[in-house]
Amino acid sequence: MDTPGPVEIDTVVSADWAVPLSGLLNLDAPEAKQAQLKDHDEPIQIYAHVVHHPRHGIFLVDTGVSQQLLADPGRFGVHWLMRKFMPLDQIQIRHSTVEIVEHLAEPLRGVFFTHLHIDHISGMPDVPATVPLYVGKGEATTRSFSNAFVNNATNALLDGKAALHEWEFAGPADQPLSGVIDVFGDGTLYAFNVPGHTPGSTAYLARTPKGPILLTGDTCHTAWGWTHSVEPGSYTADGPLNRRSLLALRALAERHPGLQVRLGHQAS
Ligand SMILES: [Zn+2]
C-alpha cells in the first residue's frame, strides 16, 4: 500500500457551505464535551475528487455541486421543508460540476460514490446519463434516511441516470473494513466498507506517485473529528457503528504514516 502508484487524485473544492456543527460532530462525545464545543454554523466544503488512472481513464469520487440544482432545487425534488434542514441557499459554488466535467482531458468513465447523501450527489444534473455509477453494498437498497423528502430528492437526482452498481464487499455489512475491493484489479485503487454514516458508506484509497491517499467520505466530516476520533452527529444514521468505522480508518492511518487523508467536508 505504501509503494507509490500511478493513480492521480485531484481534489476540487466545488463549493463552500456552512451547516450546524451538531450535524457534523457528536457534541455529546466525551472529547467534544471536554473541549466545550458548542453548536454553531461551521464552515465546510463540498468536494469532487478527480481520479485519473493511466489505463482506465478518469473517474469522480462524489460529484460536487451543480449550478442547475441551486438554480431550481424543486426540479430535482428538493422541497422547501428539506431546504430548512439543508440550507442550499447558503452554498457558494466555486467550481460547478459541469465546469469540472468539461475540463477533463478525457470523457468521464464513472462515478464512485462514498454514499448517496444529497451533498455528495448534488453534481448529478451535470453528469451524463451514460456514465456508470458505483456505491457501497446496501446503499442503494437501504433507505434509512431520516425523512421522505431526502429520499425523494435522492431519487430525483439519480432519475434517468445509469443504474447503480453496488460494491460486493465480502465481509459482514456491520464490520468496518471487513471487505476490500480492488477497484481496477491492479492494486491501484481500493474501496473499503465503512458502514455507519449510511449503511453502504465507502472509503477509497489510491496509490499515487506521492504515496497513498485516503478519501474517508463522511465517516469523518471535520478536521477536529479526525484529530480527536469523534464521529459525526445528527447527520449520521448509526453513530456507534460510524465511530467504529472512523476508528478503523484512524488505525489504518497510524499503520501507514505516509497516508494522506482527505475528509468528507474539511481539509485534514
Ligand atoms: Zn453524508
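The following paragraphs examine the structure supplied in this document. No experiment lies behind these values; they were computed from the predicted model shown. Throughout this document, residue positions are counted from 1 along each chain, in the order its sequence is written. In view of the model being predicted, local features appear only for residues whose pLDDT reaches at least 70, and side-chain atom pairs are presented and counted only at 80 or more, with totals across whole chains, interfaces and linings using the full set of residues.

### Thoughts on the environment of Glu168
Next up, step 1: Secondary structure follows DSSP: runs of H or I at least 4 residues long count as helices, runs of E at least 2 residues long count as strands, and numbering of each begins at the N terminus. With respect to the helices, strands and loops of the structure, Glu168 is situated in the loop between strand S7 (164–166) and strand S8 (180–182).
Next up, step 2: Each C-alpha atom, one on Glu168 and one on Gly136, is 7.6 Å from the other, the two residues being 32 residues apart in sequence.

### Here's the deal with the sheet that holds S8
Next up, step 1: Ordered in space as S8-S9-S10-S11-S12, the five strands form an open sheet in which the pairing is mixed. The sheet terminates laterally at S8 and strand S12 (260–262), the two strands that pair on one side only. Sheet twist, expressed as the mean angle between neighbouring strand axes with direction ignored, is 20°.
Next up, step 2: Two strands are counted as paired when DSSP detects at least two bridges linking them. Pairing of S8 with strand S9 (residues 189–193), which is carried by three bridges, proceeds in the antiparallel orientation. Paired with Ile181 across the bridge in S9 is Ala191. Note on geometry: axes are lines fitted to C-alpha atoms, helical ones only across the stretch in contact, with angles between N-to-C directions running from 0 to 180 degrees.

### Overview of unusual backbone geometry
Next up, step 1: The residue Asp62 is not glycine, and still its phi comes out positive at about 60°.
Next up, step 2: Looking at where Asp62 falls in the secondary structure, it is placed in the loop between strand S3 (57–61) and helix H3 (67–71).
Next up, step 3: The phi torsion at Leu177 lies on the positive side, around 60°, for a residue other than glycine.
Next up, step 4: For every residue, the other C-beta atoms within 10 Å of its own C-beta are counted; 20 or more classify it as buried, 12 or fewer as exposed, and values in between as partly exposed. C-beta atoms are placed from the backbone. Note on Leu177: 18 C-beta atoms within 10 Å, which makes it partly exposed.

### Here's the deal with helix H9 (residues 239–255)
Next up, step 1: Helices are assigned an expected span. That span is 1.5 Å times one less than the residue count. Counted at 1.5 Å a residue, the expected span for H9 with its 17 residues is 24 Å, and the 24 Å between its end C-alpha atoms agrees.
Next up, step 2: Those residues of H9 lying buried are Leu241, Asn242, Arg243, Ser245, Leu246 and Leu249.
Next up, step 3: Note on contacts: residues are paired as contacts if their backbone-placed C-beta atoms lie within 7 Å. Elements in contact with the buried residues of H9: strand S10 (202–208) and strand S11 (211–215).

### As for the sheet that holds S7
Next up, step 1: Ordered by their spatial adjacency, seven strands build an open sheet running S4-S1-S2-S3-S5-S6-S7, and the pairing between neighbours is mixed. Unpaired on one side and paired on the other, strand S4 (92–93) and S7 mark the two borders of the sheet.
Next up, step 2: Bridge analysis of strand S5 (residues 108–112) against strand S6 (residues 133–135) gives two bridges, and the strand direction is parallel. Along S6, the bridge assignment pairs Val111 with Leu133.

### Points about the nonpolar core
Next up, step 1: As used here, a nonpolar core is made of buried Ala, Val, Leu, Ile, Met, Phe, Trp, Tyr and Cys residues. They are joined through C-beta atoms within 7 Å. Counting residues in each nonpolar core, the largest one holds 60 residues, and the members touching the most others are Val51, Leu60, Val111, Phe113, Ala203 and Tyr204.
Next up, step 2: The greatest single-element share of this core, amounting to six residues, is contributed by strand S2 (residues 41–53).
Next up, step 3: Filtering out sequence-adjacent residues up to four positions away, Tyr204 remains in contact with Val61, Phe112, Leu189, Tyr190, Ala191 and Leu215.

### Quick notes on the pairing of S11
Next up, step 1: For S11, a buried count of four out of five residues is recorded, marking the element as mostly surrounded by other parts of the structure.
Next up, step 2: Hairpin geometry of S10 and S11 is characterised by an intervening segment of two residues between the two adjacent antiparallel strands.
Next up, step 3: Sheet topology places S11 next to S12; three bridges connect them, and they run parallel. Looking across to S12, one finds that Ile213 is bridged to Gln260.

### Looking at the pairing of S2
Next up, step 1: With twelve bridges connecting them, strand S1 (residues 8–20) and S2 associate as antiparallel partners. Among the inter-strand pairings, Ala15 is bridged to a residue of S2, identified as Ile46.
Next up, step 2: In this sheet, S3 lies alongside S2 in antiparallel orientation, the contact comprising five bridges. Looking at S3, one finds that His52 is bridged to Ile58.
Next up, step 3: A loop of three residues connects S2 with S3, the two strands running antiparallel in sequence.

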